[in-house]
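Secondary and tertiary structure notes
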Amino acid sequence: MSPLPLSERRSNGASTGARVALLAMLLLPVPALAQEVALSFDDGLDPRETAQAAAWNQAILTALAAADVHAILFACGKRVDSPQGLELVRAWGRAGHEIANHTYTHPNFNSPGTSLAAFTADVGRDAALLQGLPGWTPRLRFPYLKEGDTPDKRDGMRRWLQEHGYASGAVSIDASDWYYDERYAHWRARHPREDPARFRQAYLEHLWDRARYYDALSQRVLGRSAAYVLLLHTRRINAEFLPDVIAMFRARGWRIISPAQAYADPLYSMQPATLPAGESILWALAAQAGVQGLRYPAEDEVYEKPILDRLGF
Ligand SMILES: [Zn+2]
C-alpha cells in the first residue's frame, strides 16, 4: 500500500484535526519497512603477528555488547591456530556470537590451482579446529567470496556443503572495510595525534554507500529489500569505529538483526548460475539477470582509492 500524496488528502475535505493526526502517522517510523542488516566479521586476529590482537578483538566485542548486537565470526584457521588465538575466537562464542568456517589457509577457490578436493580438505581442517568452540555454526564464508571458476568446482562445493550440513555464509552487502583499514593505518602513522573524525566519516559514508547500492540491487533482482548480511573484518578500523557504524545504521532507520535472522531470508538458499561463481549473492543474481555496469571484482580497492586520495588520506 502506498499512501496518497498529502496534497490529494488535503483536497478531500478532511478536518484539520484529522489531517494533523494523519500527518503524525505518516511521520512515524514504519518498522515493517525498515531495512534489516546482520553484521559478519571475517578472518579473526593472530596474536602472534599483531600485538594489538587481543585489544582489537575485545573492542569489537565490547561494541557489539554495548549495542546489544549478535554477530558472526568467520574464523580463518591459520590466523587463530594458537592457544592465544583460539582464546580470542572463544570469547566471541562465550559472548553469544556465532563462530563459523572461513577455511584454514584462505585459498582462492577461483584459482585454477585450487582443486575441489584441496578446497574441501581446507574447509574440513578449519572445522576440525573450531567445531568444539561455543557458538560453532556450520556456515562457510568463501575467502574473497570466490565460489569456483568451473561448473564442477562450483557445483561440487555446493554438494559438499549440503552433505556436511552447512548453511549459507553468503554476503549480501559487500564492502571494502579492509581497504579503508589499510589506508587508515597509513594515515594514522603519519598523523598520530590528529582527530580521526574525518576519516571515520569517510568510512561511514563508504559503508552507507555500499548498503544503499546493494539495497537498490535487491529491489531490482528480488523486488524487495533483503535481510542483509554485511561483510566486515576483525580489523583496527572496526575496533575503533564499530560503535559509530552501528549508530549510523540505526540513525538511518536500519535495524540490526542477528545472523540467524538474516540467513532465514530465502535469498540465501538461492544458487546463482554465474561463473566464476561468488561475490555478494545479490551481485551474482544481478549478473545472472543481465544487469549491466556491475563492478568486477565487486570490491577491489580501485573503486575506493580515488575517494580517499581526494580526501587527502
Ligand atoms: Zn577472509
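So, a few notes on the structure that sits alongside this text. (Residues numbered from 1 in each chain as written. Predicted model: local features only at pLDDT ≥ 70, side-chain atom pairs only at ≥ 80, totals over all residues. Heavy atoms only, no water.)

**Some points on the overall build of the protein**
For the protein, the helix and strand inventory stands at 13 helices and seven strands. Per-residue burial for the protein yields a buried fraction of 50% across its 313 residues. Intrachain contacts of the protein at a sequence separation of at least 6 include 80% that bridge at least 24 residues. (Helix = DSSP H or I, 4+ residues; strand = E, 2+ residues; numbered from the N terminus. Buried < 20%, exposed > 50% of the residue type's maximum accessible area, 1.4 Å probe, protein only. Contact = heavy atoms within 4.5 Å.)

**Thoughts on the coordination of the zinc ion**
Looking at the zinc ion, one finds its protein donor set to be Asp 43 (OD), His 102 (NE2) and His 106 (NE2), positioned 2.1 to 2.2 Å from the metal centre. The sequence pattern describing where the donors of the zinc ion fall on their chain is D-x58-H-x3-H. Here Asp 43 is found in strand 1 (residues 36–43), whereas its partner His 106 is found in the loop between strand 3 (98–101) and helix 6 (116–130), with 63 residues between them in sequence. By relative accessible area, which is 8% here, Asp 43 ends up buried. By relative accessible area, His 106 is classed as buried at 15%. (Donors = N, O, S within 2.8 Å, 3.2 Å for Na, K, Ca; no water.)

**Thoughts on the environment of Ala 273**
Within the fold, Ala 273 resides in the loop between helix 11 (259–263) and helix 12 (281–288). Along the primary structure Ala 273 and Gln 288 are separated by 15 residues, whereas in three dimensions their C-alpha atoms are 6.7 Å apart.

**Re unusual backbone geometry**
A negative phi angle characterises most non-glycine residues, just as the trans form characterises most peptide bonds. Note the cis peptide between Leu 275 and Pro 276, where omega equals -10 degrees. Positioned with a positive phi, Asp 43 is a non-glycine residue whose angle comes to about 90 degrees. At Leu 145, a residue that is not glycine, the phi angle is positive and equals roughly 60 degrees. For Leu 145, the position within the fold is in the loop between strand 4 (136–140) and helix 7 (151–163).

**Topic: the pattern of salt bridges**
Under the definition given, this model contains 16 salt bridges. Asp 149 is the salt-bridge partner of Lys 153, the closest N and O atoms lying 2.7 Å from each other. Judged by relative accessible area, which is 24%, Asp 149 ranks as partly exposed. Measuring nitrogen to oxygen at the nearest pair gives 2.8 Å for the salt bridge that ties Lys 305 to Asp 309. Separated by four residues within a single helix, Lys 305 and Asp 309 lie in helix 13 (residues 305–310), roughly one turn from each other. (Salt bridge = Lys/Arg side-chain N within 4 Å of Asp/Glu carboxyl O.)

**Considering helix 12**
Of all eight residues in helix 12, six are buried, a share of seventy percent or more. In this fold, the buried residues of helix 12 make contact with helix 9 (197–222) and strand 6 (227–233). Its side-chain oxygen at 3.0 Å from the backbone nitrogen of Leu 282, Ser 280 defines the N-terminal cap of helix 12. Remark: Gly 290 follows helix 12 within two positions and exhibits a positive phi of approximately 85 degrees. (Polar contact = N/O pair within 3.5 Å; in protein donor to acceptor, adjacent residues only side chain to side chain.)

**Things to note about the packing of aromatic side chains**
According to the stated counting rule, one finds 20 aromatic pairs in the structure shown. Note on Trp 208 and Trp 254: the rings are 5.7 Å apart at their centroids and 70 degrees apart in plane angle, and the pair reads as edge-to-face. One end of the pair, Trp 208, is in helix 9; the other, Trp 254, is in the loop between helix 10 (236–251) and strand 7 (255–256), with 46 residues separating them in the sequence. Of the two residues, Trp 208 and Trp 254, both sit in the buried class. Summarising the aromatic geometry, the rings of Phe 249 and Trp 254 are spaced 5.4 Å apart at their centres and angled 45 degrees between planes, so their arrangement reads as tilted. Among the aromatic residues, ring-to-ring pairing joins Tyr 180, Tyr 184, Trp 187, Phe 199, Tyr 203, Phe 241 and Phe 313 into one connected group. Of note, Arg 210 hangs over the ring of Tyr 213, and the distance from its end group to the ring centre comes to 4.5 Å. (Phe/Tyr/Trp six-rings, centres within 6.5 Å; stacked < 30°, edge-to-face > 60°. Lys NZ or Arg CZ within 6 Å of the ring centre and 35° of its normal.)

**Quick look at the environment of Ala 227**
Tracing the backbone through its elements, the reader meets Ala 227 in strand 6. Each C-alpha atom, one on Ala 227 and one on Gln 35, is 7.2 Å from the other, the two residues being 192 residues apart in sequence. When sequence neighbours within four positions are dropped, the list of residues in contact with Ala 227 reads Glu 36, Ser 172, Ile 257, Ala 262, Asp 265 and Tyr 268.

**Overview of helix 3 (residues 53–66)**
The end-to-end C-alpha distance of helix 3, which contains 14 residues, comes to 20 Å, matching closely the 20 Å that a straight helix rising 1.5 Å per residue would cover. Along helix 3, the residues classified as buried are Ala 53, Trp 56, Asn 57, Ile 60, Leu 61, Ala 63 and Leu 64. Along helix 3, the residues classed as buried sweep out an arc of 160 degrees about the axis, all on the same side. Every exposed residue of helix 3 that faces more than 90 degrees away from the buried side is listed here: Ala 55, Ala 65 and Ala 66. (Expected span 1.5 Å × (residues − 1). Arc of directions from axis to C-beta.)

**A closer look at the pairing of strand 1**
Counting buried positions over the eight residues of strand 1 gives seven, a clear majority of the element. The pairing of strand 1 with strand 7 spans two bridges and is parallel. Looking at strand 7, one finds that Glu 36 is bridged to Arg 255. The pairing of strand 1 with strand 2 (residues 72–75) spans four bridges and is classified as parallel. Directly across from Asp 42, in strand 2, lies its bridge partner Phe 74. Regarding the hand of the β-α-β motif, the stretch spanning strand 1, helix 3 and strand 2 is right-handed. (Pairing = 2+ DSSP bridges. Right-handed = clockwise from strand over helix to strand, strands pointing away.)

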